[in-house]
Every structure is written in C-alpha cells, then in structure tokens.
Amino acid sequence: MPARLVKSPLGVTCTFSKGRTRSLTLTLAEGYQGALAEDLLTGLVSLVHPHGRVDSAGLVRDYVLSIRLMVDAFDGRTPGGARDLTVAMLSEFWLSHSNRAERHTRAMLLGLEESGAGLRSEAKRFTEGRKFNRARRSEPLAPYTEDEWTALQERCQEIVNAAYADHQAALKELEAVDESALLEPTPAGVLRFLARNGPATTGEISMYFGIRNSVRQSALQVGPTSVRLFPSVETAFAYRTLFAARSGIVPDGIEDLGLGDIDWAGDKTVLLNYFKGRTSRESNNLPKSAVAILQQWLKHSEFLRNFASPETRGALWIRCRRGAPGLIVSRPISNGEYLRLQGLRLPVRVSAPRVRTTFEALRDRSHWHGSERATIDPNHSSQTEAERYVGKPTPKQRDLLDSVIEDGQGDMLKRARTPLRVVTAQDAAEAAQQLPRVVAELQLDETVIAELTGAERDVFAASCVDIFAGVFGPKGKPCPARPWVCLACPLAVFAPRHAVNLLRLKGFFTEQWRQMPSGEFMRHFGYYSSRVDEVIRRFEDGVIDRARRCLETEPSALPLRPEETTA
C-alpha cells in the first residue's frame, strides 16, 4: 500500500518495501492555522515508496522535521498553503537553513505538483533551479586498524563465550531445581520462576514472593539470573557485531534478519537471504566462522523464543531488555540501550557501517583477479566503492602506490618506444648502414656481436644482447620474463632462425584468443600479438614457408608454466 495523508491528527502512514508500516504525526504549534503543512505532507506522500525513493521511517522522520522548520518559519504568512509562497520567502528560508532542510522542502514542493495544488509559476521555476546550500562531500569511512579489528573481535568473542557458558550452566542448574523452589524467595526460586513464566521485572517477582523490603529484593538477584537465562541487549550486540565482522553483510540487512531468511544446506552450510536497501533482496553463502556464530546464537536465544509473541519470535536478533512493558524485543537498538553498551568495555566505538568497511578492506580479493575491476567488489559501483570502501592510505602506502603507478607508466612508455630489431636478407644493406648506431646504443663489443650472429645468445624467440641487464627483473640475474615478453624488449634481436618459435608464439596467441574473453586477452597478450605479427611480416615468404614445414615435422611446444597451458 502506498503512503497516504492522515488529516486527523495531521501526519502520514507509510508502507515500505520491507513490508513495515509506520505512522508519523506532525506536531505543530498550538493554534496553527494554514494549509502549508498539509501541502508539504501531500508532497511527501509522492516521494515515499513505491512512488519515490524515500523508503525508511527514519528518512520520513527527517522530512517531517523539515516540514516543521518551514511551517514555523512562515507562521501565519501562508494561510493559503504552498500557493502563497513567493521567491523572496523561499530564498529567506533556504538561505537560513541547512542543505538537508533545503533539499527536503524543494523535493516536497515539487512533488506537490502531481496533486494539482502546486506553486506559482515563478516560485516553481525558482524551486527547480540551483540550490543555495551545497552538500558537504562525505569522507570515505576509515576502516579499523588491524590491531583495533583484532581487539574488537577478540573482545566480542570473549563476551559471547562467557554469556553462552553462563547460559548453559543456568540450564543445567534448572534441571536440578524442582517446583518446590517457587515457595522460597531465593535465587533458585527466581530461576525456576523465570523458566516457567518468562522474563519479568524485579517488582513482579518481589510481588510474587511477597517481598517489599528493597534489601531483600536485591538479594533475589533478578537481573543477573535473568541475563543467565535470556540474552540481554549487550549479549545480542556482541553476537551481532561478531556476526557482521565474519560475514560482511550490510548493517540494514543484518538488522532485519529473521529465522525464515536462513536456508540450511546441511549442518555447516547456510545460504542467508537479506535485504540490502540499495539493491533490495540479496543472498550470501556464509563463511564457516559466521555459521558457527549463527548456530551458537540460535541455541542461546532458543529458550527466550518460547516466551516471545508470534510477531517477535521470528526475528533473529531477539533479546530481553530491562524494564517494562515489553521485555522481549527485536527492534533496532535504541539510544538508551546504546548507553548501556559502555559496560561491555569494547576496545573501540562500534560503528556498523565501519565494520562492513573493514571487512571489505581486509577480505581476500584473489578470486577477483582478471576482472576489469579486480581491486573492488563486483557488487559495488565505482562511486559506491570510492565513497564508502576505499581506505585512506598512510604516507608510506601512498609512496608505494605512487611507485607502482610510475612503474606502470614507465612500462607503457617502454612498450611504445621499443624499436623492432629484425635482421633479414632484405634489410642487410640497411642493417649495415645502421650497425654503428645500433652498436653505440646497445654498447656492443666484438664478442657480443659474434655471439649474437652465432646464435650463442638465443633465448626462445630472439637473441638477447644481455640477459643479465635487468630490464624485466633484478639486475645481475637471468631475465625471468616469459617467452613473449621478448617482443617488447629493447635488447631483443630477431633473425630468420627465430621464425619457427615466433610461429609457435603466434599459434599460442591464437589459442588464447579462442579460450579467453576478448577484453582479458587484449590486456594480457594484445600488445605481444600485434608485435609478433609485425616481426613475421618483416621476414621473406620463403623463410616463413620453411618455418611452417619445420613446425609440421617438429611440433615442439612452448616452455609454459602449468597455469599457462591451454588444455
């Protein structure tokens, strides 16, 4: 059901994409007269799911707050509603308020046009124009450091293990306590009372035992006993934080999980269905560490679910809060509950989005290698990755990144400027004329020249002037480059005797083109494939024909690594 306007009391009722329905009331000053508030709420209705992108109660609440600001600013000046707004009034309000208030009120005023009760023409054009307040650029979330991340998980694991062990001990004690314990106001009697009736307050239990003295009420130890049987807010928070750190699921997806979202495939494999606000429904095959936490939580909360209402029982993060009414809850943690989390002595302040950011920053990306975006999650757009998940490098890391970029740029320039040195009978005269310049460039002596012409410096597809020069590896050690990299090396000299192996390289590239996606092939072999064709074209047809006949009689393979073979 889409959102609708409620006139008495003035407010809106919205049904969001997750199936939740919320009603929000606009509180106005006493004696308010005018239609501006109702007009803005009408515009808000057109922005709420499914007609618009407003899809959460919190965001609707922000819009309602912006309505209150505008109504208070124009108190008594807009009896006719939005039609009474002028350019001067809009300028006055937007210049004196924040970007959020301006953005919300502009959207609602423009959304009001669909109902036919919109702005005046000049005010409408002004509302569609440039904003006065620019939005602040958000800084990428900085992930926790490795020490902070480790300490946070260790502390949460410590809390979870201690709470679960205490819960198991309480269940064993309960087996040894019979119904007669209900007659005595002792911790054992409290344990039996809670096990039979569910969560209860100290006042309710004291009334049952007929105790009015506050000292005797404290001796009952209702709070500690209840925490042993039923998971508290603090325990549930530790479980959820640890689960988020192990699974990497978005915070809004974890918050709304229910038992029906868990699809078990055996004892240790779980396919979890969750709701991601930006992309709706998603599924995730949980890692083993997250499955272990999930299994332990289900066992820990099982006893509490026996006393929960049907609406609450199906939620995953069910917990027992202190006070009354409604001891068993599953809603998001409130501000008051967050204040009590300080007693957990966590090493850092926990931010759910930051936990997700750290998970993404530290996860193993090796299985993305070869993708066009091998450095980021394929589920993220480039903008989302840059704004939310790209870490802030330290000065030392920035220097390393700059050196990698410089090396890459140098390789590109080297490829573009590398000349082809092909010695053929047709080019003999030209080669003789260029020989003094080539000898000077490559710093060749008579011994090297003799070894080059005598095939003593042949590698695979070329002759190498100096295999220890360190063009593609450490200087002073044999070059570790693959056979086709010689095509990009300034020290390589190609002669007719290399035509056979060059044809083998060409056949290897053809096979790779057949098996690999075109984009991946061009990244890995595109440059070398064009270079080998260029070299082969420089040889005479007779040389190539003899090389082809040699391949038919000696079909030797390339010296490839196991992962480079094309089975």
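Read on for a plain summary of the structure. Keep in mind it's a predicted model, so treat the numbers as computed, not measured.

Conventions adopted
- Residues numbered from 1 in each chain as written.
- Predicted model: local features only at pLDDT ≥ 70, side-chain atom pairs only at ≥ 80, totals over all residues.
- Heavy atoms only, no water.
- Helix = DSSP H or I, 4+ residues; strand = E, 2+ residues; numbered from the N terminus.
- Contact = heavy atoms within 4.5 Å.
- Areas by Shrake-Rupley, 256 points an atom, 1.4 Å probe, with all protein chains shown as cover.
- Buried < 20%, exposed > 50% of the residue type's maximum accessible area, 1.4 Å probe, protein only.
- Pairing = 2+ DSSP bridges.
- Axes fitted to C-alpha atoms, helices over the stretch in contact; angles between N-to-C directions.
- Salt bridge = Lys/Arg side-chain N within 4 Å of Asp/Glu carboxyl O.
- Phe/Tyr/Trp six-rings, centres within 6.5 Å; stacked < 30°, edge-to-face > 60°.
- Lys NZ or Arg CZ within 6 Å of the ring centre and 35° of its normal.
- Core = buried A, V, L, I, M, F, W, Y, C linked by side-chain atoms within 4.5 Å.

Okay, the overall build of the protein chain next. Within the protein chain, the regular secondary structure consists of 23 helices and ten strands. Across the protein chain, contacts joining residues at least 24 apart in sequence account for 64% of those joining residues at least 6 apart. As presented, the protein chain carries roughly 31600 Å² of accessible surface, and 52% of it is formed by carbon and sulfur atoms.

Moving on, we come to unusual backbone geometry. Residue Ser-8 is joined to Pro-9 through a cis peptide bond whose omega torsion reads -10 degrees. As for its position among the elements, Pro-9 is in the loop between strand S1 (4-7) and strand S2 (10-15). Between His-49 and the following residue, Pro-50, the backbone shows a cis peptide bond with an omega angle of 10 degrees. Considering the arrangement of structural elements, one finds Pro-50 in the loop between helix H1 (36-45) and helix H2 (57-73).

This brings us to the environment of Phe-521. Along the chain, the position of Phe-521 falls in helix H22 (residues 518-538). Accessibility expressed as a relative area gives 5% for Phe-521, which makes it buried. Phe-521 sits twelve residues away from Phe-509 along the chain, and the two C-alpha atoms are 8.7 Å apart. Setting aside its immediate chain neighbours within four residues, Phe-521 contacts Phe-509, Gln-512, Trp-513, Met-516, Gly-526 and Ser-529.

Here we come to the pairing of strand S3 (residues 21-25). Alignment of S2 against S3, held across five bridges, turns out to be antiparallel. Looking at S3, one finds that Val-12 is bridged to Leu-24.

Here we come to the sheet that holds S1. Working definition: the strands of a sheet are paired by backbone hydrogen bonds and lie parallel or antiparallel to each other. The sheet built from three strands is open, its strands ordered S1-S2-S3 with antiparallel pairing. Strands at the two margins of the open sheet, each flanked by one partner only, are S1 and S3. Strand-to-strand, the axes of this sheet are offset by a mean angle of 20 degrees, without reference to chain direction. Most of the contacts of H1 go to S2, to which it runs at about 5 degrees, and overall it touches S1 and S2.

Put simply, side chains in a regular strand alternate between the two faces of the sheet. Along S2, six of the six residues are buried, which leaves the element largely enclosed by surrounding structure. The two faces of S2 match: Leu-10, Val-12 and Cys-14 on one face and Gly-11, Thr-13 and Thr-15 on the other face are all buried. Relative to S2, S1 is paired through four bridges, and the arrangement is antiparallel. When the bridges of S2 are listed, Lys-7 appears paired with Leu-10. Linking S1 back to S2 in an antiparallel pair, the connection comprises two residues. As consecutive antiparallel partners, S2 and S3 are separated by five residues, and within that stretch Gly-19 has a phi angle of approximately 95 degrees, a positive value.

Take the pattern of salt bridges next. Applying the stated criterion to the full structure yields eleven salt bridges. Two residues, Asp-458 and Arg-497, come together in a salt bridge whose shortest N-O distance is 2.8 Å. Placement of Asp-458 in the loop between helix H20 (446-453) and strand S9 (463-464) and of Arg-497 in the loop between strand S10 (492-493) and helix H21 (499-515) is noted, with a sequence separation of 39 residues between them. The class for Asp-458 is partly exposed, based on a relative accessible area of 29%. Arg-497 gets classed as partly exposed once you look at its relative accessible area, which sits at 39%. One salt bridge connects Arg-548 with Asp-545, and the closest N-O pair in it is separated by 4.0 Å.

Here we come to the packing of aromatic side chains. For the coordinates displayed, the defined rule picks out 20 aromatic pairs. Seen in terms of ring centroids, Phe-508 and Phe-525 are 5.6 Å apart; in terms of plane orientation they differ by 85 degrees. Their pairing is edge-to-face. On the criterion of sequence distance, the pair formed by Phe-508 in helix H21 and Phe-525 in helix H22 is long-range, its members being 17 residues apart. Here Phe-508 and Phe-525 have matching classes, each one buried. An aromatic cluster is defined as three or more aromatic residues linked by ring pairs; in this entry it consists of Trp-484, Phe-508, Phe-509, Trp-513, Phe-521 and Phe-525. Against the face of Trp-94 rests Arg-106, its NZ or CZ located 4.0 Å from the ring centre.

If you look at the biggest cluster of nonpolar residues, it comprises 37 residues, and the most contacted ones within it are Leu-36, Leu-44, Val-60 and Leu-85. For this core, the secondary structure elements donating two or more residues are S2, H1, H2, helix H3 (87-95) and helix H4 (99-111). At seven residues, the largest contribution of residues to this core is made by H2. When neighbours within four sequence positions are excluded, Val-60 is seen to be in contact with Val-12, Cys-14, Phe-16, Leu-24, Leu-44, Val-48 and Val-54.

Another point: the environment of Ile-536. In this structure, Ile-536 sits in helix H22. For Ile-536, a relative accessible area of 13% translates into the label buried. Taking the C-alpha atoms as reference points, Ile-536 and Ala-499, 37 residues apart in sequence, are found 7.1 Å from one another. Here Ile-536 is in contact with Leu-502, Leu-503, Lys-506 and Ile-544, once residues within four sequence places are set aside.

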